[in-house]
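Single-letter residue listing:
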Amino acid sequence: NMGDCPQSCRWKYHLVEEKRPGEYHPVEYTAEGAYLFNSKDMCTLTIIPQLVEAGIDSFKIEGRMKSLYYLAVTVSSYKKALTSYLNNKEEYNLDENLLRDIESFSHRPYFPGFYLGKDADSESHFGSINSRTKDLIAKIDEKEDEYATITIKNKIIVGEELEIFSRNNYPVKSFVVTEIIDTKDASIKEVAQPNDIVKLKVDIPFEVNDIIRKDYEQ
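Residues numbered from 1 in each chain as written. Predicted model: local features only at pLDDT ≥ 70, side-chain atom pairs only at ≥ 80, totals over all residues. Heavy atoms only, no water.

Chemist: Where do I start with the sheet that holds strand 14 (residues 211–215) in this structure?
Modeler: Backbone-to-backbone hydrogen bonds pair the strands of a sheet. The strands run either parallel or antiparallel. Pairing in this open sheet of eight strands is antiparallel, and the strands run 9-8-14-5-6-13-10-11 from one edge to the other. Every interior strand has two partners, whereas the edge strands, strand 9 (173–176) and strand 11 (188–189), have only one. Bridge count between strand 10 (residues 180–182) and strand 13 (residues 197–201): three bridges; the pairing is antiparallel. Directly across from Ile-180, in strand 13, lies its bridge partner Leu-200. Lying over the sheet, helix 3 (residues 68–87) contacts strand 5 (134–144), strand 8 (161–165) and strand 14, oriented at roughly 95° with respect to strand 14. (Pairing = 2+ DSSP bridges. Helix = DSSP H or I, 4+ residues; strand = E, 2+ residues; numbered from the N terminus. Contact = heavy atoms within 4.5 Å. Axes fitted to C-alpha atoms, helices over the stretch in contact; angles between N-to-C directions.)

Chemist: Would you mind showing me how to read empty space enclosed by the protein here?
Modeler: Any space left empty among the atoms is revealed by the rolling of a water-sized probe across them. Per the counting criterion, the structure on display carries one cavity of 30 Å³ or more. In this structure, the largest cavity spans a volume of roughly 30 Å³. Taken together, Ile-164, Ser-166, Asn-169, Lys-173, Ile-204 and Pro-205 make up the lining of the largest cavity. Residue composition of the lining of the largest cavity, by class: three nonpolar, two polar and one charged. (1 Å grid on protein atoms, 1.4 Å probe; cavity = no way out; pocket = protein on both sides within 12 Å on 5 of 7 lines; lining within 4 Å. Points joined across faces, edges and corners; volume = space filled by probe spheres on them. Nonpolar A, V, L, I, M, F, W, Y, C, P; charged D, E, K, R; others polar.)

Right under this line is the structure:
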């Protein structure tokens, strides 16, 4: 489907009976309409032990049509869960922080696929609305002492609390924006808008390519 699934599977559909061309029959799930192909998003993070013990030794993360943030969080979360289980199977418990992280980006309701049986509730009958808990602010492009250079994706203001999602510094830690420096003229800003290139003072450990995010505001 050349990557079209994230769009077409969320459209509304009517049924056409083979011998009645032109007669369109709605299938009513809710007042919002019929979403016949609106499946939930698959998430197997909670069943890592069962998958490993079933003999799976290679996991593929689907990344088509996905953002850098989605890929970073998903790959990191699965890798941490797999490593934790393989290092200590007897005392393994899934880190709740990993579950919170995969709730952070835009997604439909999760279900674990059909690995545990055919009775899994796989369809989302309430439209195509996604949910998320975090907004992406930027990927850190440069590091100079305690200053991070970033290209803004969503607006930030001085005094706002942000988080850094890092491959090496885990769990996620937060910091408060104390100053925003415009890289064009070194001026101090109170607000940074999308596409602004700025420097932020960061008082927690960070590295180039770490991701800065904040709580999602509806």
